[in-house]
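# Structural description and commentary
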Amino acid sequence: MLSGLEGLSDSSNERERVLLDLLRKATEFYEDTIGILSGIFELTELVSRGSPEEDFYAYIANVLIEESRCENASVFIVENNRIRLRAASGSNPGDANAGLCISLGEGVAGRCAQEGKSILISDVDDCDFFKPIETTRVPIGSMLCVPIKEGNNTLGVLNLSHSQRDFFTINYVRVFELLGFLVGQMLTLVHLHTIFQRRHTDLCNLLQQKDESLQNISERYKAVVDASEDMIFLLDKDNTVAFFNQKIYQSLGYIPETVHDIFDPDTVSVLQAKARAISIDQSDNFEMTVSLGTNTNVIGQFFIKRIRQEQLLIMMKDITVKKRMEQRTMQTEKLTSLGLLTSGIAHELNNKLTPILGFADLIDVRKLTERDRKRLSVVINSANSAKSIVESLLKFSRNKPPEKVIFDMREIITRTVNLYTPIIKKRGIRIFHEDSAGPLFVKADMNCMEQVLVNFINNAIDAIEDREGSIWLRSFLVDNQVHVTIEDTGPGIPDEIVTKIFDPFFTTKSKDKGTGLGLSICYGIISDHKGEISLENTRNGALAHIQIPAMTSAVEEELLFEGAEEPAAGIVFEDSKRSTIMVVEDEEDLLDLMVDTLSPYYDVMTFNDGRKAYDHLDEHAWELIISDLRMPVMDGMELYHEVIKKQPGLKKRFMFITGDTYDFEVKEFLENTGVVFLRKPFRIKELRDVVHKQINYR
């Protein structure tokens, strides 16, 4: 009976032991499952926070250790037919196996990754394909490798180990397979997040670079626009200024808010009309005289373009100075052309005046009646007047540099004012002279300066006409420039003729009062003296402004005035000594005059061009060669050079007669050779005196 009870007790204890063992295992499995589920939740939280991929691997390894009872855990990822260790955790932390790579199929983890199936090894010693790694520092008794899968693709391996054999059961396989599947899903998300994060970072960096580049480009464009000499601004639909460059501010002196702050109303109206006529991306170019802020009569070259439906780009270049320079250039070209024409006309007139005056001198007035002598006197006086006109025309041609000397400009002004004061007083016109306190030394042609002043005073008197009025002459020194202004109380200059006022032959006066050459001559004179001249309207009337370079007071001692030549002594000709003279002249009347004048005293041989004269050079022992400078076939300059090349001894036996001494080429030739010359039209006594000196006193 007792033995039966003992047997029953032993059986009960065994069942209890088994039940307790099962309960323990169930509890452990439950705890492990709860731990794994908790780990999955933590992994989910990690993924939702967008943590980096490397942190995700390390977190998995830590979850495997913390939420299960295994001693060591590692995560391998498949890369290029190999698996690479990405994270490890366990009883021996550290990086002993950092960078570990295993080929697919090699070892337990390699085979698991290759086959995509879980591998449970209860005793590693009984496993044929277990391959111990030399660097492993932990004891391994049993292993569990679970594939990390996403669908049918094996992404990696969860590798768990324990020093105890038979530690892992089939229950672990089921739980960790679920974990491997979930990790695979999460890994895909993490990988995608990493890719997106990288792309996002790259895009942010790219956007930052683009933004910096655009900012740099914008700053460069703004610097270029601000450095531009053009005025540039943008207008919105309500005519407000959306943008303007530095030139606008410099020109105005204030910040414009609307287009009305920049231009006058008329200009704004024109711009609005131009803007309405152009569509988006269309443009227009035009020139217009505008008022810019407080500046009036500004000539602007405009470019307008519609860049948006309600926005307009406007650029304006101030070309006022350029236009004035063009006008001056045109004026200079006109004067140059007229000067060339005048020089040619004057040369021909000189050729005609010379025989008139010459033969008039040869007439024996003793044989004339009183009435004929008066008639001859009228001819001579008229010819002399014509000679003076020709001289003025040649001065106007400006081919001859003025005879510049140093003098005080105040003297010319005072002399001119004194000349006009009694004349205009009777007409009710007063002239005022506001003189400079100090000397105004200039190097100029005194007659030219006087001519300019006289011309402008005459214009002022004509402008005032029969009314009472005033004329002011002011002189002063500014920036080493002598300034002279002549202002009148006349009606001023009409705007439509301001640009034509210096044109040759342009005049608003009646035919009996002006020829239109006065202001042109003044313009040419002042330009030749490297000065400037301008006309403008004032509140009183019109004002002429002249300026020429000043000389310092230290040059006062350089003043040089040429004295008048003393009359030549009476000439005595010796009949026993007759010299042979060559005369070369293409004008038949002049040739006859010189033969008539000189043949009583010399043997005169005549030729009508330089080539014929040169061909007869060896026929006589010439005492003197008198030649015109301008002739057909071979002119006087060519003849001179050919003769002295052939007979150098004749170099000092040349004498020229010309009416072209204002021409630059002729002037240069006469200066370089030093040859004696007589200017047309000449008087008979002048010709005889010069020839006599050349033959007897050279």
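Bear in mind that the values here come from a model prediction, so they are computed numbers and not experimental data. (Residues numbered from 1 in each chain as written. Predicted model: local features only at pLDDT ≥ 70, side-chain atom pairs only at ≥ 80, totals over all residues. Heavy atoms only, no water.)

### Observations concerning the overall build of the chain
When helices and strands are counted, the chain shows 16 helices and 23 strands. Counting all 698 residues of the chain, 40% fall into the buried class. Within the chain, contacts between residues at least 6 apart in sequence are counted, and of these 62% link residues at least 24 apart. When the accessible surface of the chain is totalled, it reaches about 39,200 Å², and 52% of it is carbon and sulfur. (Helix = DSSP H or I, 4+ residues; strand = E, 2+ residues; numbered from the N terminus. Buried < 20%, exposed > 50% of the residue type's maximum accessible area, 1.4 Å probe, protein only. Contact = heavy atoms within 4.5 Å. Areas by Shrake-Rupley, 256 points an atom, 1.4 Å probe, with all protein chains shown as cover.)

### Examining the environment of Asn 297
Tracing the backbone shows Asn 297 in strand S10 (residues 295–308). Linking Asn 297 and Thr 320, residues 23 residues apart in sequence, is a C-alpha distance of 8.2 Å. Not counting chain neighbours up to four residues away, the residues in contact with Asn 297 comprise Thr 289, Val 290 and Thr 320.

### So, helix H3 (residues 107–115)
Among the residues of H3, those classed as buried are Gly 107, Val 108, Ala 109, Gly 110, Cys 112 and Ala 113. In the stretch just after H3, Gly 116 is the one whose phi turns positive, near 70°.

### A look at the sheet that holds strand S6 (residues 153–162)
Across the sheet, six strands lie side by side as S3-S2-S1-S6-S5-S4; this open sheet has antiparallel pairing. Edge positions in the sheet fall to strand S3 (101–103) and strand S4 (119–121), since each of these pairs with one other strand and no more. Neighbouring strand axes in the sheet, compared pairwise and without regard to direction, differ in orientation by 25° on average. Bridge count between strand S5 (residues 142–150) and S6: nine bridges; the pairing is antiparallel. Within S6, the residue paired with Ser 142 across the bridge is His 162. Against the sheet, H3 touches strand S1 (72–79), strand S2 (82–90), S3, S4, S5 and S6, its axis set at about 30° to S5. (Pairing = 2+ DSSP bridges. Axes fitted to C-alpha atoms, helices over the stretch in contact; angles between N-to-C directions.)

### Looking at the side chain of Asp 635
Along the chain, Asp 635 turns up in the loop between strand S21 (624–628) and helix H14 (636–646). Buried and unpaired, Asp 635 has Arg 630 as its nearest opposite-charge partner, separated by 4.4 Å. Of the polar contacts made by the side chain of Asp 635, one reaches the backbone nitrogen of Met 637; its length is 3.2 Å. Residues in contact with Asp 635, not counting those within four places in the same chain, are Leu 629 and Arg 630. (Lys, Arg positive; Asp, Glu negative; His and termini not counted. Salt bridge = Lys/Arg side-chain N within 4 Å of Asp/Glu carboxyl O. Polar contact = N/O pair within 3.5 Å; in protein donor to acceptor, adjacent residues only side chain to side chain.)

### Let's talk about unusual backbone geometry
Apart from glycine, the bulk of residues carry a negative phi angle, and the bulk of peptide bonds sit in the trans form. Positive phi outside glycine occurs at Asn 297, with the angle close to 55°. You will see that Asn 480, though not glycine, has its phi angle at about 60°, which is positive. Note on placement: Asn 480 falls in the loop between strand S15 (469–478) and strand S16 (481–488).

### A look at the packing of aromatic side chains
In the structure shown here, the tally under the stated rule is 11 aromatic pairs. Aromatic pair Phe 167 and Phe 168: ring centres 5.0 Å apart, planes at 90°, arrangement edge-to-face. An aromatic cluster is defined as three or more aromatic residues linked by ring pairs; in this entry it consists of Phe 233, Phe 263, Phe 286 and Phe 302. One residue, Lys 274, lies across the ring of Phe 286, its end atom 4.6 Å from the ring centre. Seen from the ring of Tyr 614, Lys 646 lies directly overhead, with NZ or CZ sitting 5.2 Å from the centre. (Phe/Tyr/Trp six-rings, centres within 6.5 Å; stacked < 30°, edge-to-face > 60°. Lys NZ or Arg CZ within 6 Å of the ring centre and 35° of its normal.)

### Section: the sheet that holds S16
Reading across from one edge, S13-S15-S16-S18-S17 is the order of the five strands in this open sheet, with mixed pairing throughout. On the outer flanks of this sheet lie strand S13 (429–434) and strand S17 (532–537), each paired with one strand and no other. The average angle at which neighbouring strand axes cross in this sheet is 15°, direction not considered. Inspection of the sheet shows S13 paired to S15 by six bridges, in the parallel sense. For Arg 430, the partnering residue across the bridge sits in S15 and is Ser 470. In this fold helix H9 (residues 409–425) packs onto S13, S15 and S16, with an angle of close to 165° to the strand it touches most, S13. Against the sheet, helix H10 (residues 446–464) makes contact with S13, S15, S16, S17 and strand S18 (542–549), and its axis sits at roughly 145° relative to S15, the strand it touches most.

### Structural notes on the pattern of salt bridges
Pairing between side chains becomes possible if they bear opposite charge and their charged atoms approach one another. Scanning the entire structure with this criterion turns up 18 salt bridges. Salt bridges linked by common partners bring Glu 79, Arg 84 and Arg 86 together as one network.

### Quick notes on the packing of helix H12 (residues 588–598) against helix H16 (residues 684–696)
Between H12 and H16, the least distance of the axes is 11 Å, while the angle of their chain directions is 65°. Remark: the crossing between H12 and H16 carries right-handed chirality. Here H12 contributes Leu 593, Met 594, Thr 597 and Leu 598 to the contact with H16, which in turn contributes Ile 684, Leu 687, Arg 688 and Val 691. (Left-handed = near helix turned anticlockwise from the far one by under 90°.)

### Things to note about the pairing of S6
Burial runs high along S6: seven of the 10 residues are buried. Taken together, S5 and the strand that follows it, S6, pair antiparallel across an intervening segment of two residues, in which Gly 151 is found at a positive phi of about 70°.

### Here's the deal with the confidence of the model for the chain
Taken as a whole, the chain shows an average pLDDT of 78; of its residues, 77% reach a score of 70 or greater. Predicted confidence for residues 510–517 stays below pLDDT 50, and this span has 12 contacts to residues more than four positions away or in other chains. Scored below 50 in pLDDT, residues 553–573 makes 17 contacts in the model with residues more than four places away or belonging to other chains. (pLDDT = per-residue confidence, 0-100.)

### Overview of the nonpolar core
Soluble globular proteins tend to bury their nonpolar side chains together. Among the nonpolar cores identified, the biggest contains 42 residues, and Phe 407, Met 409, Phe 456 and Ile 471 are the most heavily contacted of them. The element that contributes the greatest number of residues to this core is H10, accounting for 10 residues. Formed by 25 residues, the second largest nonpolar core is a distinct cluster that contains Cys 70, Val 75, Phe 167 and Tyr 172. (Core = buried A, V, L, I, M, F, W, Y, C linked by side-chain atoms within 4.5 Å.)

### Digging into the pairing of strand S20 (residues 603–607)
As paired elements, strand S19 (residues 580–584) and S20 share five bridges and run parallel to each other. By the bridge assignment, Ile 581 is partnered in S20 with Val 604. With H12 bridging S19 and its parallel neighbour S20, the resulting β-α-β unit is right-handed. (Right-handed = clockwise from strand over helix to strand, strands pointing away.)

### Digging into the side chain of Ser 89
Take Ser 89: it is sitting in strand S2. At 3.1 Å, the side chain of Ser 89 and the side chain of Asn 62 are in polar contact. Once residues lying within four places of it in the same chain are set aside, the contact partners of Ser 89 are Ala 61, Asn 62, Ile 65, Glu 71, Asn 72 and Ala 73.

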